[in-house]
Amino acid sequence: MQRRTIEPRPDWQRTVEEQGLVYPLTRHPDGSLRPYWDESAYYVFSLEEVEALEEVVAELHHMCLAAADHIVSAGRFADLGITDPRVVDAVTESWRRRAELPSVYGRFDLRYDGTGPAKLLEYNADTPTSLVEAASPQWFWMEERFPGADQWNSLHERLVEAWRGQAHRLPPGSPLYFAYSSADELGEDLMTVAYLKETAEQAGLDTGWISMEEIGWEHLSGRFVDTRLRFIRSCFKLYPWEWLTTDRFAGHVLDTLDNGGGTGTTLWIEPAWKMLLSNKALLAVLWDLYPDHPNLLPAYLDGPRDLADTSGYVAKPLLGREGAGVTVHEKGTAAEVRDEPCCYQQLAPLPVFDGNHVVLGAWVVEDEPAGLGIRESSGLITDEYARFLPHVIL
């Protein structure tokens, strides 16, 4: 694993925007616009490295599914902050019927520096983003800058195949809606959903388009409807399950939830059981089940325990995103137990390449490793100001 600098293409911004990345710049707190898509450098991996990382991701995904099964069978929902009996029942039924429900993708965030075992930082299994840049612009960048090279990137083909293979699980006679949030000012939500909609159409599916804010509730029929009052039988959303089950429509979501077997009227993708994997408490459950596993970091729910003295720790809100609410506590600092539910994970500082802190985003599609995206940040926490860099296998 190496970081190499390179001169950006002369018209890189227009190029990546035409390839679907309409948010190539990020506005920083000082008002400046700086590249989010950063092709002034790139990362190089050997084929052996990538093959080893693929094996790690496959094993981690298998372990996460085993952890989900453990949470359900042991009734550890409270550890995830899931205490509403109706939500517990919905997730349990969703997990029980998971073979009947479409599930498309997820992203592991890994610490890896090319010299030691990759370590799991978290699993974004419900609403992962950075998909567009990982699947499309970085592939075209490689073809232009390094013709004949390779990349850990079969995302597009695997997504199309996933939709095609799971089409029989969708309700017949109705389009699959793709919902985005119109409140997303950057356009990342919109373009991620648009890209997934495109892959579904390439798989031959009939699709629809709607914003979450436009989804209506038809009182007479007791169903969710689109702007033309057509029933929404299935819907892919980038709207977290913890919001779906707590906002003012939560009762309607649970009343009409299709968990397979024709038990409801609206099937949501990703399915409700992804709540088990998109929660930072999963990290502590994994450590309970697989202590001292080489690809895991010690993690606890009741406090940092001895991590404060031995290694330092990171406190992560159970449902945090983009690094929000994450605090870093270096070795020797006083241990703190926060008021909000958190996961306390061993501090494993991100590797630094040329002054940049690097995290690998390894994708799975339909339970199989499918690609890699790399983000760099200026600080220890990968936040909304992180940059995306392409990679090649040489």
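Keep in mind the model is a prediction, meaning the values are calculated, not measured.

About the cut-offs
- Residues numbered from 1 in each chain as written.
- Predicted model: local features only at pLDDT ≥ 70, side-chain atom pairs only at ≥ 80, totals over all residues.
- Heavy atoms only, no water.
- Buried < 20%, exposed > 50% of the residue type's maximum accessible area, 1.4 Å probe, protein only.
- Helix = DSSP H or I, 4+ residues; strand = E, 2+ residues; numbered from the N terminus.
- Contact = heavy atoms within 4.5 Å.
- 1 Å grid on protein atoms, 1.4 Å probe; cavity = no way out; pocket = protein on both sides within 12 Å on 5 of 7 lines; lining within 4 Å.
- Points joined across faces, edges and corners; volume = space filled by probe spheres on them.
- Core = buried A, V, L, I, M, F, W, Y, C linked by side-chain atoms within 4.5 Å.
- Pairing = 2+ DSSP bridges.
- Axes fitted to C-alpha atoms, helices over the stretch in contact; angles between N-to-C directions.
- Salt bridge = Lys/Arg side-chain N within 4 Å of Asp/Glu carboxyl O.

S.K.: Hey, could you run me through helix α10 (residues 281–289) in this one?
M.R.: Within an α-helix, residues lying three or four positions from one another point in the same direction, as the helix has 3.6 residues per turn. Burial analysis of α10 places seven of its nine residues in the buried class, which makes it a mostly covered element. Of all the residues in α10, the buried ones are Ala281, Leu282, Leu283, Ala284, Val285, Leu286 and Trp287. Among the structural elements, α2 (47–74), β6 (119–124), β13 (299–300), β14 (313–317) and β16 (342–346) are those in contact with the buried residues of α10.

S.K.: Whenever I open this one, empty space enclosed by the protein confuses me. Can you help?
M.R.: Applying the stated criterion across every chain yields a total of one cavity of 30 Å³ or more. Taken as a whole, the largest cavity holds about 40 Å³ of empty space. Lining the largest cavity we find Leu101, Pro102, Trp241, Leu257, Asp258, Asn259, Leu267, Trp268, Pro271 and Ala272.

S.K.: What is the right way to read unusual backbone geometry from this model?
M.R.: Both trends apply: most residues other than glycine have a negative phi, and most peptide bonds are in trans. Across the junction of isoleucine 269 and glutamate 270, the peptide omega takes the value 5 degrees, indicating a cis bond. Within the secondary structure, glutamate 270 sits in the loop between β12 (267–269) and α10. Although it is not a glycine, serine 130 sits at a positive phi angle of roughly 70 degrees. In this structure, serine 130 sits in the loop between β6 and α4 (131–135). Judged by its relative accessible area of 7%, serine 130 is buried. Although it is not a glycine, arginine 305 sits at a positive phi angle of roughly 50 degrees. Mapped onto the elements of the fold, arginine 305 is located in the loop between β13 and α11 (307–310).

S.K.: So what exactly am I meant to see when it comes to the nonpolar core here?
M.R.: Within soluble globular proteins, side chains that are nonpolar generally end up buried alongside one another. Counting 123 residues, the largest nonpolar core has Trp163, Leu276 and Leu360 as the members making the most contacts within it. Residue contributions to this core peak at 11 residues, all from α2. Apart from residues lying up to four places away in sequence, tryptophan 163 is in contact with Val104, Leu176, Phe178, Leu196, Thr199, Ala200, Ala203, Leu205, Phe236 and Ile269.

S.K.: How should the sheet that holds strand β1 (residues 2–5) be read in this particular structure?
M.R.: Picture the strands of a sheet paired through backbone hydrogen bonds; they go either parallel or antiparallel. The strand order β1-β4-β21 describes an open sheet built from three strands, whose pairing is mixed. The open sheet has two edge strands with one neighbour each: β1 and β21 (391–393). For this sheet the average axis-to-axis angle between neighbouring strands, irrespective of direction, equals 30 degrees. Where strand β4 (residues 41–45) meets β21, three bridges bridge the pair, whose relative direction is parallel. Across the sheet, residue valine 44 finds its bridge partner in β21, namely valine 392. Here α2 sits on the sheet and contacts β4 and β21; the angle it forms with β4, its principal contact strand, is near 80 degrees.

S.K.: Mind showing me how you'd approach the pattern of salt bridges here?
M.R.: Close approach of charged atoms allows side chains with opposite charge to pair. A full pass over the atoms with the stated rule returns 26 salt bridges. The salt bridge partner of arginine 76 is aspartate 288, with a shortest N-O separation of 3.1 Å. Separated by 212 residues along the polypeptide, arginine 76 in the loop between α2 and α3 (85–96) and aspartate 288 in helix α10 bring together distant segments of the chain. Overall, arginine 76 belongs to the buried group, its relative accessible area being 17%. For aspartate 288, a relative accessible area of 44% puts it in the partly exposed group. Measuring nitrogen to oxygen at the nearest pair gives 3.0 Å for the salt bridge that ties arginine 305 to aspartate 302. Salt bridges linked by common partners bring Arg3, Asp38, Asp354, Glu376 and Arg387 together as one network.

S.K.: Just checking my understanding: could you explain the sheet that holds β16 for this structure?
M.R.: Taken together, the four strands give an open sheet; going across it, the order is β13-β16-β14-β15, and neighbouring strands pair in antiparallel fashion. Because the sheet does not close on itself, it has two edges, and the strands there are β13 and β15 (327–329).

S.K.: What is the right way to read the side chain of histidine 391 from this model?
M.R.: As for its placement among the helices and strands, histidine 391 is situated in strand β21. For histidine 391, a relative accessible area of 0% puts it in the buried group. Dropping the residues within four chain positions of it, histidine 391 is found in contact with Tyr43, Phe45, Gln138, Trp141, Gln151, Trp152, Leu372 and Ile374.

Function cannot be inferred from these measures alone, as they are strictly geometric.
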